[in-house]
Amino acid sequence: MTSTSLAKPAEQHVAPQADHGDPAKGLIARIAEGRAWLFLAGLLICFEIWSRVAFGVTFVLNPFNLQSIAIFAVAPLLLATGQTFVIISGGIDLSLGFIMGLAAVIAAHATNMAGAAIPLPLAMLAGILAAVVVAGVPGIINGLLISRLKVPPFIGTLGMFGVARGAAFLLAGGTTVPVQNSWFALLGNGKFYGIPYLVLITAVFVIVMHYLLSQTRFGQHNYAIGANVQAARRSGIDIRGHILRLYVLSAMCAGLGGALYAARFTAGAAQAGEPLLLDSVAAVVIGGASLFGGSGTIFGTVAGALVIAVIQYGLVFVNVEPFWQFIAVGVVIIISVLIDQAQRRFSGGRQDE
Amino acid sequence: MNSIDQNTALLEVRNLSKHFGAVRALSDFSMAVRPGEVVALAGDNGAGKTTLIKAISGVFQPTGGEILLRGQPVAFATPQEAREKGIETIYQDLALADNLSIGANIFLGREPMRKAFGFLPVLDRKAMADAARETMKRLDFHVSRMNAPVSNFSGGQRQAVAIGRAVYWDAQILIMDEPTAALGVPEQRKVISLIHQLKAQGRGVIFISHNLQDIFAVSDRIVVLRRGVQAGERKISETNHDEVVKLMVGG
């Protein structure tokens, strides 16, 4: 044996360095974590200056603007909330846009049918419930495909994207389905002390989802699965059951989004969520989640959805051609991912290379 | 005789066999681990080390033979059952969720909950952090930032977290698969000292390694596997590198 004194107890007392407690790194990490909110603040400042210089009016202090941005953000945010869970687990749900469309059509039909038999407020609730429950069905199929049959999430949900799209257009008869229900219309367009009901409902829902992700075992296991599915399995987590519940949850978020869409426009349309799917992924990524899984927060996603809404609404407000919206959102996504990569390199954590 | 008696094996494997079709990955293998004993398992690639530990930890059902825990025959349908009986396996790739804190990793899959505002069930992060701090202290591993994800820690520290999880859940037998393989020299040393502490706490350790130096530094006995059969068993104090190598390659 060589002379290394591995076995001598006296020399083993090498207390390891506790951690890499470098405050500067902590600051960089914290900035990177909150980058979506910084983006949001930066954008609001830009638009405020632009608006004052070009038109001599305020942008941020105008309550109508704030309401419009919030309303703009509602539907993509609802999709993005479910998407946040899925992306943290290391998956992706491409079917959400058309599940939302399907739910909007179901909400419209169900509200109309129920309205013929029961009082209008109850018919409205029945319509919303029907939309959320029916949205769960493609969610169950997604979940079973991915958890039992080991279909990659990208492909499984891409298939469901087509199925939900076709089903939604068939149910809608290829057109939009108007809703005859004054309560439903009020829900979609009414306000409570100046705050639209839609925004209130979404805010409550988002808080519940934040609780689910950050304070429960379900949320904790979701992070663990996204980081290391082997570790999660060896720890005794029921991966298959979790994945199934996960995709049902995200589909139901889209279901609620569809129901609220039907309320806002008093009509259900199969293409309701079509442009929102990629916005939802973008909101999650801008919000700080990694597409490789394991990181992300609901409040980050809220900021991400608001960033997109501010860009879209703000550019219209300052009278820029609408096509610039796509470019602006795209640039923000790229910058966001670059910051994420840089932060990982700094913090010495896992790098996605 | 009771379980503290040094003569009762914590874990005993008798005539264990595992066949995959016609392939005899393990035949008629026997060994024992007593409290406070570190038994090294050595052998070339494909000698059956992994098959053996998977049979002991409940991943595979053995084709024949029996496993005794403190003299009682046991059979594990799943790794969870083995873990509940106190057999914990620490894998080479550690099986940690990098994005979670030490506490969250220790409690992964069995998180403690508390009631916020008297009704809302929430994760008890404080209990997790306290238990983690306590456990790591027992392993002489002092951490101040209990909320940092384990990806911020070095390889040896992460190995300590994996061992800490086993210790917290009171594993009596730890199976460690190449625990020093991916580590630098100071880190290897730290892991070796951790194994000494496990030994001092009266736990049994099965230590699998390719590194004879590590084996000689930490083990009491060495069992050599070759092509699925036991090629020899030696006390570390009565053997040397050359003899072990000969047993491994069949000289």
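All values derive from a computational prediction rather than experimental measurement.

1. What about the confidence of the model for chain B?
Residue and element names in this part refer to chain B. Per-residue confidence for chain B gives a mean pLDDT of 85; residues scoring 70 or more make up 96%. Segment residues 1-5: pLDDT under 50, and five contacts once partners within four positions in sequence are set aside and those in other chains are kept. Listed scores for the predicted complex are pTM 0.84 and ipTM 0.80.

2. Some remarks on the pairing of strand β11 (residues 221-226) of chain B
Residue and element names in this part refer to chain B. Burial analysis of β11 places five of its six residues in the buried class, the great majority of the element. Looking at chain direction, strand β3 (residues 38-43) and β11 are connected through five bridges and run parallel. When the bridges of β11 are listed, G43 appears paired with L225. Pairing of β11 with strand β12 (residues 229-235), which is carried by six bridges, proceeds in the antiparallel orientation. Bridge assignment links R221 to a residue of β12, and that residue is K235. Where β11 folds back onto β12 in an antiparallel hairpin, the turn is made up of two residues, including R227, whose phi is positive at roughly 45°.

3. A word on the packing of helix α5 (residues 120-147) of chain A against helix α7 (residues 182-189) of chain A
Residues and elements named next belong to chain A. Between α5 and α7, whose axes approach to 7 Å, the crossing angle comes to 65°. Facing α5, whose interface residues are L120, P121, M124 and G127, α7 presents S182, W183, F184 and L187. The residue inventory of the contact of α5 with α7, partitioned by class, reads six nonpolar, two polar and no charged.

4. Quick notes on the sheet that holds strand β2 (residues 23-33) of chain B
Residues and elements named next belong to chain B. Here we have four strands laid out as an open sheet, ordered β2-β1-β4-β5, and antiparallel in their pairing. Only two strands of the sheet have a single neighbouring strand rather than two, namely β2 and β5 (72-74). Taking each pair of neighbouring strands and ignoring which way they run, the sheet shows an average axis angle of 30°. Pairing of strand β4 (residues 64-69) with β5, which is carried by three bridges, proceeds in the antiparallel orientation. Bridging across to β5, L69 finds its partner in Q72.

Cut-offs used in this document
Residues numbered from 1 in each chain as written. Chains lettered and ligands numbered in written order. Predicted model: local features only at pLDDT ≥ 70, side-chain atom pairs only at ≥ 80, totals over all residues. pLDDT = per-residue confidence, 0-100. Contact = placed C-beta atoms within 7 Å. Buried ≥ 20, exposed ≤ 12 C-beta atoms within 10 Å, placed from the backbone. Helix = DSSP H or I, 4+ residues; strand = E, 2+ residues; numbered from the N terminus. Pairing = 2+ DSSP bridges. Axes fitted to C-alpha atoms, helices over the stretch in contact; angles between N-to-C directions. Nonpolar A, V, L, I, M, F, W, Y, C, P; charged D, E, K, R; others polar.

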